[in-house]
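Below are the chains, spelled out letter by letter.
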Amino acid sequence: MAHLVTLIPGDGIGPEVALAAEKVLAATGVDIQWERVELSADRIRATGESLPADVVASIEKTKVGLKGPVTTPIAGGFQSVNVALRKKLDLYANIRPIKSMPGIHTRFDDVALDMVIFRENTEDLYSGLEHEIVTDVITSIKVITRTASTRIARAAFRFGSRHLRKKVTAIHKANIMKLADGLFLRCCREVAADYPHLVYNELIVDNASMQLVTRPEQFDILLLPNLYGDIVSDLAAGLVGGLGVVPGANIGDNYAVFESVHGSAPDIAGKGLANPTALLRSSIMMLEHLKEMDAAKRLQQALETVYREGDNLTSDVGGTATTDQFTAALVRQLKG
Ligand code: NAI
């Protein structure tokens with residue numbers, strides 16, 4: 001059966017890694033019909049529309065998207081389209097598996113890491129409620145609700161239970177933000193009570209950050225509100241090879257958008273140097289979501305082989321190959 005999927009190449013290195021994903025997914029033999037939509041900083045600037053209606057309409061139709069990065073201006077300019085898309089489609093769970101992959105060398109080569117981060121994706125300080133009260137005095141409002149905290153906690157525990165994981169760690173700063181993070185923790189504890197077979201513990205975000213670096217192997221599922229989740233998931237990405245290689249998914253009750261964690265990398269855009277691994281691993285998550293388990297497994301194995309062999313890797317992971325050379329090696333592996 002053909003799967004209809006929205007493809008959002010994005011901008012910067014987005015179109016380069018999206019093209020690689022298209023080629024590699026075609027080589028898996030899975031019948032995917034792409035509905036391609038443009039979401040880029042240029043289009044947003046030209047139209048003034050921060051989230052073009054055709055992008056939303058396409059995902060509402062296909063229910064599944066594969067997305068490259070989109071540039072967001074810093075300190076001013078339009079709102080982040082990523083945040084806008086997540087809110088519009090209520091993609092409340094940002095899921096990032098952090099797993100060591102053979103052939104990707106890191107400072108933690110001697111420990112096999114396998115954790116999954118569940119980050120709340122719709123509220124917290126990303127509500128965009130910022131005000132200049134008087135000149136040079138800004139407030140930025142952090143919103144934490146029972147509804148959003150409970151549903152991300154449920155997503156984490158449900159995943160943990162289904163995938164036979166052992167432990168869920170909620171990460172917070174409730175010693176300082178007693179009300180906001182206190183509510184987040186209360187919701188996590190309530191959900192934890194329904195899953196007595198999973199160990200539940202809590203860590204303050206600063207301590208959690210240190211422990212992620214000193215003893216990362218102790219972590220299994222991490223459950224965080226939006227801002228800590230954003231920061232901690234990049235930190236964790238660094239443990240297993242960096243932003244160019246880790247996948248991500250934004251999942252709600254009705255729609256799912258799979259995307260690379262990295263940004264549009266303006267420093268290397270258009271040079272043929274981008275590593276498509278992050279989007280390819282996100283594609284593996286997408287194949288699993290589409291119940292194409294066999295293709296997901298074959299793609300994972302092909303990636304591991306190309307990394308183990310090591311002669312077609314891009315420069316961010318220590319190689320000298322271009323995006324095209326890496327992609328071609330992977331396609332050969334899948335077809336061979
Ligand atoms: P970035 O992730 O684009 O780049 C950080 C560093 O990692 C750069 O040196 C870049 O060359 C390298 N890098 C990133 N992805 C790579 C890949 N696939 N292969 C090889 N090297 C890679 O982060 P930065 O510079 O902070 O952000 C650039 C723009 O991207 C900003 O406008 C930001 O808002 C946007 N962004 C968009 C995201 C999205 O659409 N989901 C996520 C993060 C940032």
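These remarks concern the structure in this document. Keep in mind it's a predicted model, so treat the numbers as computed, not measured.

To continue, consider the site of the ligand. Close contacts around the ligand come from 21 residues, with Val70, Thr72, Gly263, Ala265 and Asn275 the closest. Interatomic distance of 2.9 Å between a side-chain N/O atom of Asn82 and an oxygen atom of the ligand. Within the backbone of Asn275, one N or O atom sits 2.9 Å away from a nitrogen atom of the ligand. Within the complex, 69% of the 810 Å² of free accessible area of the ligand lies under protein. Tallied by class, residues from the shell around the ligand come to nine nonpolar, eight polar and four charged.

As a further point, take the pairing of strand β9 (residues 199-204). Two elements, strand β8 (residues 167-172) and β9, share six bridges in a ladder whose sense is parallel. Paired with His172 across the strands is Ile204, a residue of β9. With helix α6 (residues 180-193) bridging β8 and its parallel neighbour β9, the resulting β-α-β unit is right-handed.

Note: strands within a sheet are paired through backbone hydrogen bonds, in either parallel or antiparallel orientation. Reading across from one edge, β2-β1-β3-β12-β11-β4-β5-β10-β8-β9 is the order of the 10 strands in this open sheet, with mixed pairing throughout. Unpaired on one side and paired on the other, β2 (32-36) and β9 mark the two borders of the sheet. Each strand axis lies, on average, 25° off the axis of its neighbour in the sheet, ignoring direction. Of the strand pairs in this sheet, strand β5 (residues 114-120) and strand β10 (residues 221-224) are connected by four bridges, and their pairing is parallel. The residue bridging Ile117 from the neighbouring strand is Leu222, located in β10. Its contacts with the sheet place helix α3 (residues 53-62) against β1 (3-8), β2, β3 (64-67) and β12 (256-260), and it is angled at close to 155° to β1. In the packing of helix α5 (residues 146-162) onto the sheet, contacts are made with β4 (93-99), β5, β8, β9 and β10, and the angle to β5 comes to roughly 160°.

As a further point, take the side chain of Lys142. Here Lys142 lies in the loop between β7 (137-140) and α5. In terms of polar contacts, Lys142 uses its side chain to reach the side chain of Asp181, at 2.7 Å. Of note is the side chain of Lys142, whose polar atom sits 3.2 Å from the side chain of Tyr228.

With that settled, consider the pattern of salt bridges. One pass over the full model with this rule turns up 18 salt bridges. Linking Asp114 and Arg165 is a salt bridge whose minimum nitrogen-to-oxygen distance equals 3.4 Å. Of this pair, Asp114 sits in strand β5 while Arg165 sits in the loop between α5 and β8, and the two are 51 residues apart along the sequence. Taking the shortest distance from any N to any O, the salt bridge between Asp181 and Lys142 comes out at 2.7 Å. Taken together, the residues Asp181 in helix α6 and Lys142 in the loop between β7 and α5 connect sequence positions 39 residues apart.

Moving on: the environment of Ala153. Mapped onto the secondary structure, Ala153 falls in helix α5. Linking Ala153 and Arg189, residues 36 residues apart in sequence, is a C-alpha distance of 8.8 Å. For Ala153, the contacting residues outside a window of four places in its chain are Cys187, Cys188, Val191 and Leu223.

Before going further, it helps to spend a moment on the packing of aromatic side chains. Overall, the coordinates contain four aromatic pairs when judged by the stated rule. Seen from their ring centres, Phe157 and Tyr200 are 6.1 Å apart, and the 45° between their planes marks the pair as tilted. Placement of Phe157 in helix α5 and of Tyr200 in strand β9 is noted, with a sequence separation of 43 residues between them. One aromatic cluster is present, formed by Phe157, Tyr195 and Tyr200 through successive ring pairs. One residue, Arg119, lies across the ring of Tyr126, its end atom 5.5 Å from the ring centre.

Before going further, it helps to spend a moment on the pairing of β12. Extensive coverage of β12 is indicated by the burial of five of its five residues. Of the two faces of β12, the one holding Ala256, Phe258 and Ser260 and the one holding Val257 and Glu259 are both buried throughout. As defined by bridge partners, β3 adjoins β12 across four bridges and the pair is classed as parallel. Residue Leu66 lies in a different strand from β12, and its bridge partner there is Phe258. Across five bridges, the pairing between strand β11 (residues 247-251) and β12 is antiparallel. Paired with Gly248 across the two strands is Glu259, which belongs to β12. Between β11 and the antiparallel strand that follows it, β12, lie four residues.

The rules behind each value
- Residues numbered from 1 in each chain as written.
- Predicted model: local features only at pLDDT ≥ 70, side-chain atom pairs only at ≥ 80, totals over all residues.
- Heavy atoms only, no water.
- Near = heavy atom within 4 Å.
- Polar contact = N/O pair within 3.5 Å; in protein donor to acceptor, adjacent residues only side chain to side chain.
- Areas by Shrake-Rupley, 256 points an atom, 1.4 Å probe, with all protein chains shown as cover.
- Nonpolar A, V, L, I, M, F, W, Y, C, P; charged D, E, K, R; others polar.
- Pairing = 2+ DSSP bridges.
- Helix = DSSP H or I, 4+ residues; strand = E, 2+ residues; numbered from the N terminus.
- Right-handed = clockwise from strand over helix to strand, strands pointing away.
- Axes fitted to C-alpha atoms, helices over the stretch in contact; angles between N-to-C directions.
- Contact = heavy atoms within 4.5 Å.
- Salt bridge = Lys/Arg side-chain N within 4 Å of Asp/Glu carboxyl O.
- Phe/Tyr/Trp six-rings, centres within 6.5 Å; stacked < 30°, edge-to-face > 60°.
- Lys NZ or Arg CZ within 6 Å of the ring centre and 35° of its normal.
- Buried < 20%, exposed > 50% of the residue type's maximum accessible area, 1.4 Å probe, protein only.

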